[in-house]
Amino acid sequence: MDKALFYFDKETTFPCRCGLTHHIPTRRTLLGDGVMEEIPTVLRDLGMGKRILLLWDENTYQSGGKTLEGMLSRTGFHTIPGMIHRQKRFRHLEPDEEARSQAGRLLQEKPDCILAVGSGVLNDLAKFIAHRAGLPYSVLATAPSMDGYSSPGAPMLVGGYKITFDATPPIAIFMDLEILAHAPLRLIQSGFADLVGKTTANADWTLRHLLFDEHECAYTWELVRDALIILEKNAERVRKRDEEAIFALSVALLNSGFSMTITGDSRPASGAEHLIAHYLEIMSLHRDWDPSLHGLRVGAATALVSTLYDYFLSLLPSFKWERLHNLGPTENTLEEVALHFGPLYPYIEKATRKKIAQPHIPDKRTENETFLTTLETAIRAKLSPLPDPSLTLTRCGAPTTFGEMGFSLQTVRDALRYSRYVRARFTILDLLDQAGLLNDAIEYAMERNRTKNTV
Ligand SMILES: [Zn+2]
Ligand SMILES: [Zn+2]
């Protein structure tokens, strides 16, 4: 694997063949052995100042924070330790009002910059408060568990509902292989499973591009696709924490994260599979269930969504496109959605209304046979790096079904039916719904996945 990927050594701006100019504000990305020792020099080179607020929790303090604190103190930095405690009402640390106020109070110590020691929530909290305080931030990754290190969004819980806020990406990302390879296996598998979802996320993007002319960048796809191909070859080795495979996994997560930085939103990394995962997370937090890990939910959702794509592609020759010019969600649906989400509905109402008002396929392009061939080829290309997501997940030891995470069949069915209303973004779920096929497709996908995973 090429260790000198273009974004590793500097902030960069480049004209892309998609017609846009892309920008990556992260100035240094370090991945490899001995990265921890390089942190003081890099922080000094980047002019991050002397007073560093270190954000960690009990686990990440042990898995890297303690060593980092000692090293920074010895090299002349003033460290401000910032322990974030898990809320009693949650199973995992969540980025809610209480966590934000714990982190926010530490700003009274007047740090020059913030350094997160963690993976999901600690990175998001640091990104969120740094952005609001106008401070630079960087992150020492403690697990290859997700692709949000470099992304421009910070998901936060507000009133029990998760909303992604705009935030400034990190100035520097430090990924020390020794730390990453010793992360809990479930977190490693979660990062792997999150990446499995990039196939359907990009298939959804292609769908929007071809049906609604949404801008699409082929370059971000190449970035993700190349990483997925290497990852697919390394699935078993990731499970065994083989250092080279953990390196490949980390590069793939970085590539996916930077694909979001490049487009400025989550389009290259998030489609129907993320909507389903998101739905199950908000419902779990609301009902006091264990939501499991982000990536694991995304992986199991990808197995279902890729089957929905199989269903759609098998029907393509006889697909009733004319229904998409006429039919669409109705006001009745709005009432049904409000009833389903209950007290959570006010948080999604804006997205739901936007989705319902979405224009249907605007012209007669779907009557053209060449167009349909192009559509099929483009979608298959996006799904092709991981032709069987269930098998890929199994090889890495990650769950392939939601049942393994404790979700009931009814909850999964609801997730497939209602998750598309939590966000206005059009996906395969909307296409099937507008064609009047969603319920049949859901039953097909659930049955296929059940038989596949029991035989
Ligand atoms: Zn994700
Ligand atoms: Zn581009």
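One can find the structure itself at the top, above this paragraph.
Here goes a summary of the coordinates provided. (Residues numbered from 1 in each chain as written. Chains lettered and ligands numbered in written order. Predicted model: local features only at pLDDT ≥ 70, side-chain atom pairs only at ≥ 80, totals over all residues. Heavy atoms only, no water.)

As a further point, take the overall build of the protein chain. Looking only at helices and strands, the protein chain has 20 helices and 10 strands in total. For the protein chain, whose C-alpha radius of gyration is 22 Å, the value lies close to the compact-globule estimate of 23 Å for 455 residues. Taking all 455 residues of the protein chain together, the buried fraction comes to 59%. Considering only residue pairs separated by 6 or more positions, the protein chain has 78% of its internal contacts joining residues 24 or more positions apart. Of the roughly 18100 Å² that the protein chain leaves accessible, carbon and sulfur atoms contribute 53%. Taken together, the 51 basic and 56 acidic charged side chains of the protein chain have centroids lying 2 Å from each other. (Helix = DSSP H or I, 4+ residues; strand = E, 2+ residues; numbered from the N terminus. Rg over C-alpha atoms; globule rule 2.2 N^0.38 Å. Buried < 20%, exposed > 50% of the residue type's maximum accessible area, 1.4 Å probe, protein only. Contact = heavy atoms within 4.5 Å. Areas by Shrake-Rupley, 256 points an atom, 1.4 Å probe, with all protein chains shown as cover. Lys, Arg positive; Asp, Glu negative; His and termini not counted. Charge placed at Lys NZ, Arg CZ, Asp CG, Glu CD.)

This part covers the packing of helix H6 (residues 185-196) against helix H10 (residues 243-263). Two numbers describe how H6 lies on H10: the axes approach to 10 Å, and their chain directions differ by 50°. Of the possible angle classes, the one that applies to H6 and H10 is oblique. As for how H6 packs across H10, the hand of that crossing is left-handed. In this structure, H6 uses Ile188, Gly191, Phe192 and Leu195 to contact H10, whose residues at the interface are Ile246, Leu249, Ala252, Leu253 and Ser256. Taken together, the residues of the contact of H6 with H10 sort by class into seven nonpolar, two polar and no charged. (Axes fitted to C-alpha atoms, helices over the stretch in contact; angles between N-to-C directions. Parallel < 35°, antiparallel > 145°, perpendicular 65-115°, else oblique. Left-handed = near helix turned anticlockwise from the far one by under 90°. Nonpolar A, V, L, I, M, F, W, Y, C, P; charged D, E, K, R; others polar.)

Attention now moves to the pattern of salt bridges. Here the structure, examined in full by the defined rule, presents 28 salt bridges. Lys355 is the partner of Asp430 in a salt bridge, and the nearest nitrogen-oxygen pair spans 2.9 Å. Of this pair, Asp430 sits in helix H19 (residues 428-434) while Lys355 sits in helix H15 (residues 345-356), placing them 75 residues apart in sequence. Taken as a pair, Asp430 and Lys355 share a single burial class, namely buried. Ionic contacts of the salt-bridge type, sharing partners, join the residues Glu94, Lys162, Glu281 and Arg297 into one network. (Salt bridge = Lys/Arg side-chain N within 4 Å of Asp/Glu carboxyl O.)

Looking now at the coordination of the zinc ion (ligand 2). For the zinc ion (ligand 2), the protein coordination sphere consists of Cys16 (SG), Cys18 (SG), His22 (NE2) and Cys217 (SG), at 2.1 to 2.3 Å. Seen from the zinc ion (ligand 2), its four donor atoms lie at angles of 104 to 118°, and the figure they make is tetrahedral. The motif formed by the donor residues of the zinc ion (ligand 2), counted along the single chain, is C-x1-C-x3-H-x194-C. Here His22 falls in the buried class, since its relative accessible area comes to 3%. (Donors = N, O, S within 2.8 Å, 3.2 Å for Na, K, Ca; no water. Tetrahedral: all angles 85-135°; square planar, octahedral: opposite > 155°, others 65-115°.)

As a further point, take the packing of helix H3 (residues 97-105) against helix H4 (residues 120-133). At their nearest, the axes of H3 and H4 sit 10 Å apart, and the two run at 60° to each other. When the axis of H3 is compared with that of H4, the two are oblique. In terms of crossing hand, the pair formed by H3 and H4 is right-handed. Contacts between H3 and H4 involve Ala99, Arg100, Ala103 and Gly104 from the first element and Leu125, Phe128 and Ile129 from the second.

None of this, on its own, says anything about what the molecule does.
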